[in-house]
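# Observations on the model geometry
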Amino acid sequence: MSTQVPRLFTGLVDDAAVFPPGSASLPDAVTAHRRHRAGWYAGLVGPLLLPASALPDLPGLLAPETTLAVGAIGDVPIGRLEGALAEADPGLAVRQVEAPVAKRGEDPQPGLADLVKLTERLAGTTVYAEIPLTFGLMGALDTVAEARAGGLPLAAKFRTGGLAAELFPTPVELAAVICACRDRELPFKLTAGLHHAIRHRDPETGFTHHGFVNVLGATLAAIEGAEVDAVAELLAATDPVRVVELARAHRDAERPLWVGYGSCSIEEPLTDLIRLGLVNGGFDE
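An account of the accompanying structure is given in this report.

The rules behind the values
Residues numbered from 1 in each chain as written. Predicted model: local features only at pLDDT ≥ 70, side-chain atom pairs only at ≥ 80, totals over all residues. Heavy atoms only, no water. Pairing = 2+ DSSP bridges. Helix = DSSP H or I, 4+ residues; strand = E, 2+ residues; numbered from the N terminus. Axes fitted to C-alpha atoms, helices over the stretch in contact; angles between N-to-C directions. Contact = heavy atoms within 4.5 Å. Buried < 20%, exposed > 50% of the residue type's maximum accessible area, 1.4 Å probe, protein only. Right-handed = clockwise from strand over helix to strand, strands pointing away. Left-handed = near helix turned anticlockwise from the far one by under 90°. Parallel < 35°, antiparallel > 145°, perpendicular 65-115°, else oblique. Phe/Tyr/Trp six-rings, centres within 6.5 Å; stacked < 30°, edge-to-face > 60°. Lys NZ or Arg CZ within 6 Å of the ring centre and 35° of its normal. Core = buried A, V, L, I, M, F, W, Y, C linked by side-chain atoms within 4.5 Å.

### A short note on the sheet that holds strand S2 (residues 45–51)
Spatial strand order, S1-S2-S3-S4-S5-S6-S7-S10: eight strands in a closed barrel with parallel pairing. Taken pair by pair, the neighbouring strands of this sheet meet at an average axis angle of 30°, ignoring direction. Sheet topology places strand S7 (residues 188–191) next to strand S10 (residues 258–263); four bridges connect them, and they run parallel. Within S10, the position partnered with Lys189 by the bridge is Gly260. Sheet strands touched by helix H3 (residues 109–121): strand S4 (92–100), strand S5 (126–130) and strand S6 (154–159). Its angle to S5, the strand with the most contacts, is close to 175°.

### Quick notes on unusual backbone geometry
Cis geometry marks the peptide bond from Pro20 to Pro21; its omega dihedral reads 5°. Within the fold, Pro21 resides in the loop between strand S1 (13–15) and helix H1 (26–38). In this structure, Ser23 takes a positive phi of about 50° despite not being glycine. With respect to the helices and strands, Ser23 occurs in the loop between S1 and H1. Despite not being glycine, Leu257 shows a phi value in the positive range, around 70°. Its location among the elements puts Leu257 in the loop between helix H8 (241–249) and S10. With relative accessibility at 16%, the residue Leu257 sits in the buried group.

### Some words on the pairing of S7
Burial along S7 is two-sided: Phe188 and Leu190 and Lys189 and Thr191, pointing in opposite directions, are all buried. For the segment spanning S6, helix H5 (residues 171–183) and S7, crossover handedness is right-handed.

### Focus: the packing of helix H6 (residues 212–223) against H8
Their axes nearest at 9 Å, the elements H6 and H8 cross at an angle of 65°. In this structure, H6 meets H8 at a crossing whose hand is left-handed. On the side of H6, the interface is formed by Val213, Asn214, Leu216, Gly217 and Leu220, while H8 contributes Val243, Val244, Leu246 and Ala247.

### A look at the side chain of Thr191
Inspection of the secondary structure assignment puts Thr191 in strand S7. Non-local contacts of Thr191, meaning those with residues more than four positions away in its chain, are made with Lys157, Phe158, Arg159, Thr160 and Gly161.

### Some details on the side chain of Thr125
Within the fold, Thr125 resides in the loop between H3 and S5. You can call Thr125 buried: its relative accessible area is 18%. When near neighbours in sequence (up to four residues on either side) are disregarded, Thr125 contacts Val94, Arg95, Gln96, Val97 and Pro153.

### Details of the packing of H5 against H6
Across the interface, H5 lies against H6 with an axial gap of 10 Å and an inter-helix angle of 45°. Here H5 is positioned oblique relative to H6, judged by the angle of their axes. Where H5 crosses over H6, the two elements pack in a sense that is right-handed. When H5 is examined against H6, the residues Leu174, Ile178, Cys179 and Arg182 are found in contact with a partner set consisting of Val215, Ala218, Thr219, Ala222 and Ile223.

### Quick word on the packing of aromatic side chains
Applying the stated criterion across every chain yields a total of five aromatic pairs. With a centroid separation of 5.9 Å and an interplanar angle of 15°, the aromatic rings of Trp258 and Tyr261 are classed as stacked. Here Trp258 falls in the buried class, since its relative accessible area comes to 1%. In this structure, Lys189 packs its charged tip against the face of Tyr128, placed 5.5 Å from the ring centre.

### Points about the nonpolar core
If you look at the biggest cluster of nonpolar residues, it comprises 90 residues, and the most contacted ones within it are Phe9, Ile131, Phe158 and Trp258. For this core, the element with the highest residue contribution is H6, accounting for eight residues. Excluding its chain neighbours within four sequence positions, the residues that come into contact with Trp258 are Leu12, Phe188, Lys189, Leu190, Leu194, Phe212, Val215, Leu216 and Thr219.

Next comes the structure, spelled out in structure tokens:
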């Protein structure tokens, strides 16, 4: 039996079980996360993502003398995030903080300035600035890249879905963001909508979702010099062959630029990877 997930997929999927549409309770999420971390596919799984406001609620759910790696999602204003982190149970190892800096259509710079200051005070904790794919995007990316070049562990985060059609960026919009991050050597995370490996239409909502293997193939192509139109073509592909072959060719390499994404299900992406032959289901080939 294999205990190895290919290097390309290491830490790809953060465990967002407590967030919609999964909406697991804290006890159930902690129990399931420990099961994932003990499974043969543990290499695929990143930290457990929790709302910052829930961090003080973990005492009693953690076994004595154990730690739990978590990512704190900013569901409180940036000015209150530091206090929420300070109230976290000592058994929590906060590996990353993710926080929105603005709503769609708002200037992201004031919130981003506050997040840069918070990153300075957190002394080494990686922080992801969630930037809307609207007004001020490129200027915000410049600000994040400048802070990162100055030594701060700050990176970008973008939404790729939600409860409304306008929250799903087009392939061209997402390709432009991927290429912009490449040009700035800026790591990024994604969230929302990446339920399956390949681009598909949800029959219940009618929304067309990006596929996480499409994103992976598109990012690999961008790193190799592809421009926006070619990257968008990979994001738009509904035939898995090309993006799967790109991923297969790089499966033993470290994943470039794209840090990963949060999913309320670990089983769904794992099952897709097995079906596509990119992960061998726990058994040696």
